[in-house]
Amino acid sequence: MANLSALNQFKDRYALHKRAPTLVMKFGGTSVGTAQAMHQVALIVEEARPQWPQLVVIVSALAGVTNLLLESAQGAVRGEVQDCASTETRLRQVHYAIADELVADSQRRAVVKSEIDGFVSDFLNLCRAVGVLGEASPRALDALASLGERMSVRLMAAVLQEHGLAAQAVDASSLIVTDDHFQDAHPDFLATAQQSTRVLQPLFDQGAIPVVTGFMAATPEGVVTTLGRGGSDYSAGILGAVLQADDVWIWTDVDGVLTADPRAVPEARTISELTYREIAELAYYGAKVLHPKTIRPVIETGVGLRICNTFNPAHPGTRLVEKRELSGRQIVRAVTAVRNQRLVTIEGRGMLGVPGVAARAFGAVASTGTSVPLITQASSEQSICFAVPDSASHRVLIALEQTFAVELEQRDIDRIWISAEVVILTVVGLGMIHTPGVAGKIFTLLGDNGVNVIAIAQGSSEVSISLVVLESDADRGLRAIHTLTLAGG
Ligand code: ADP
Ligand code: ASP
Ligand code: MG
């Protein structure tokens, strides 16, 4: 993220400083998924408002809407255009239902409903277009997927206005400037700082609260892009950084970052303080509670970060910190699981000492657009082993077989094979790697619970250890290791 340093230079040169306390709050899909949830959001914004004269509210699409939009587009590609019609009805229903319940002012309600209608007809047109073409380009998918946020911000702004707040919906296509890497676009921080200040500062000066689309951005030419699934958190990190906010608060449906995903481990507890390195590792290894890209912009620009629960706002949630005192009782902090993975192994005695095999292997994987969450090191050079998502494993195998066709023919490589479905369990905690006995305890627990460890890798930042286990062992393994977070490591 080299251009973050450009942002810091820009700040120094133009003294891009906040004029008043600034807070960015992001509300995820479930936080705005029902009328009751949206009402709750309005109460939170209302309460924060007096302390934060410059307040930005970022909103995701209503829960399930992004999936619905993307699935309908895929359906249209397959010629199932009737799906688009049922999605059209559903989109109108879910948004109208909230407007009917929460927007009492009839004129305001009519305006917001006609705005929703406009986006719903954009959806139908785009769906028909991809249906006719028989293909959906990443660019078309971004135009479609961003409609969810474009509808939710208008609804949220209307609800906040009902609460007497001067809210104004803003499409982040006018704030966040990215490259044209559709579906996973990279921001240009300097251009974003300039655009965001130009658009948002006048709103702050008028006393308005911008209600900004998460997930969505645009190229310098104004073509809509998105920041990747779950990317509304990243939108908050980006805007927090460029606005030099004091704090970014990520509001979600659990009490902050927990010791494990509460859906898999019901006894998981909130971690009140977590370092940036720990959360980075957790987010990278599957803790969906925060998009991993969110962290870097806030760290590098010194913005505070907190994760809290929309449905339990009195709970302090998790505060992210630069450093924390290491105490013996807090070594193992959390456990995560990345599911639906397979291990790819390239084996052959003829690989011994041949330079460039690994580079070619990972080149082949990269050519399929697949990223590798974990590489395990064998003690010899006779095999290379790494994980890829199940959905990409077939593509990866074909690419590797093509790349190493000659070596396979000559038996320098004996075989390239793919394992059964596996899960990567990652144990996270600062100081864990250097604390004697922690790894031993993990393996003992797994052994005692009959969980076989297929591969091991140490996280890049020495804050984590990852273990690959069979899908059928994963939940048992997760719960077993999780006891270490409760016992204090
Ligand atoms: P939002 O819609 O607010 O962005 P997400 O569904 O993306 O919310 O993320 C919140 C979910 O992340 C939680 O409901 C929880 O199931 C899941 N999750 C996974 N790991 C963790 C963890 N370690 N701590 C808290 N939540 C987690
Ligand atoms: N609505 C987008 C998604 O579902 C972005 C987000 O929720 O963060 O991926
Ligand atoms: Mg999310």
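Values in this document were obtained by computation on a predicted structure and should not be read as measured data.

Let us now look at the overall build of the chain. Across its full length, the chain carries 16 helices and 17 strands. Against the compact-globule benchmark of 23 Å for 489 residues, the chain has a radius of gyration of 24 Å, which places it among compact chains. Burial status across the chain gives 53% buried among its 489 residues. Considering only contacts within the chain whose residues lie at least 6 apart along the sequence, 78% involve residues at least 24 apart. Taking the 40 positively charged and 51 negatively charged side chains of the chain as two groups, their mean positions are separated by 3 Å.

With mixed pairing, the eight strands of this open sheet are ordered in space as β3-β4-β2-β1-β7-β9-β10-β8. One side of each edge strand has no neighbouring strand; the edge strands of this open sheet are β3 (167-170) and β8 (273-275). For this sheet, the mean inter-axis angle between neighbouring strands, taken without regard to orientation, is 25 degrees. Sheet analysis places strand β2 (residues 54-59) next to strand β4 (residues 209-213), joined by three bridges and oriented parallel. Among the inter-strand pairings, Val59 is bridged to a residue of β4, identified as Thr213. Along the sheet face, helix α7 (residues 147-162) touches β2, β3 and β4 and points at about 160 degrees away from the line of β4.

What follows concerns the site of ligand 2. Close to ligand 2 lie Ser60, Thr66, Glu149, Phe215, Arg229, Gly230, Gly231 and Ser232. Contact between ligand 2 and Glu149: a nitrogen atom at 2.6 Å from a side-chain N or O atom of the residue. The fraction of the free accessible surface of ligand 2 (260 Å²) that becomes covered by protein chains is 85%. Taken together, the residues of the shell around ligand 2 break down into one nonpolar, five polar and two charged.

On to a negative patch on the surface. On the surface, Asp179, Asp180, Asp188 and Glu221 cluster together into a negatively charged patch. Along the chain, Asp180 turns up in the loop between β3 and α8 (189-205).

The subject of this paragraph is the pattern of salt bridges. One pass over the structure, following the stated rule, counts 20 salt bridges. Between Asp184 and Lys293 there is a salt bridge, with its nearest N and O atoms 2.8 Å apart. Of this pair, Asp184 sits in the loop between β3 and α8 while Lys293 sits in the loop between α10 (276-284) and α11 (295-301), and the two are 109 residues apart along the sequence. Judged by its relative accessible area of 29%, Asp184 falls in the partly exposed class. Across the pair Glu407 and Arg360 runs a salt bridge whose closest N-O atoms are separated by 2.8 Å. Of this pair, Glu407 sits in helix α14 (residues 405-409) while Arg360 sits in helix α12 (residues 357-367), placing them 47 residues apart in sequence. Among the charged side chains, a salt-bridge network with shared partners connects Glu88, Arg92 and Asp117.

Thresholds, definitions, all that
Residues numbered from 1 in each chain as written. Chains lettered and ligands numbered in written order. Predicted model: local features only at pLDDT ≥ 70, side-chain atom pairs only at ≥ 80, totals over all residues. Heavy atoms only, no water. Helix = DSSP H or I, 4+ residues; strand = E, 2+ residues; numbered from the N terminus. Rg over C-alpha atoms; globule rule 2.2 N^0.38 Å. Buried < 20%, exposed > 50% of the residue type's maximum accessible area, 1.4 Å probe, protein only. Contact = heavy atoms within 4.5 Å. Lys, Arg positive; Asp, Glu negative; His and termini not counted. Charge placed at Lys NZ, Arg CZ, Asp CG, Glu CD. Pairing = 2+ DSSP bridges. Axes fitted to C-alpha atoms, helices over the stretch in contact; angles between N-to-C directions. Near = heavy atom within 4 Å. Polar contact = N/O pair within 3.5 Å; in protein donor to acceptor, adjacent residues only side chain to side chain. Areas by Shrake-Rupley, 256 points an atom, 1.4 Å probe, with all protein chains shown as cover. Nonpolar A, V, L, I, M, F, W, Y, C, P; charged D, E, K, R; others polar. Patch = residues over 30% accessible without salt bridge, like charges linked within 9 Å, V, L, I, M, F, W, Y side chains within 5 Å. Salt bridge = Lys/Arg side-chain N within 4 Å of Asp/Glu carboxyl O.

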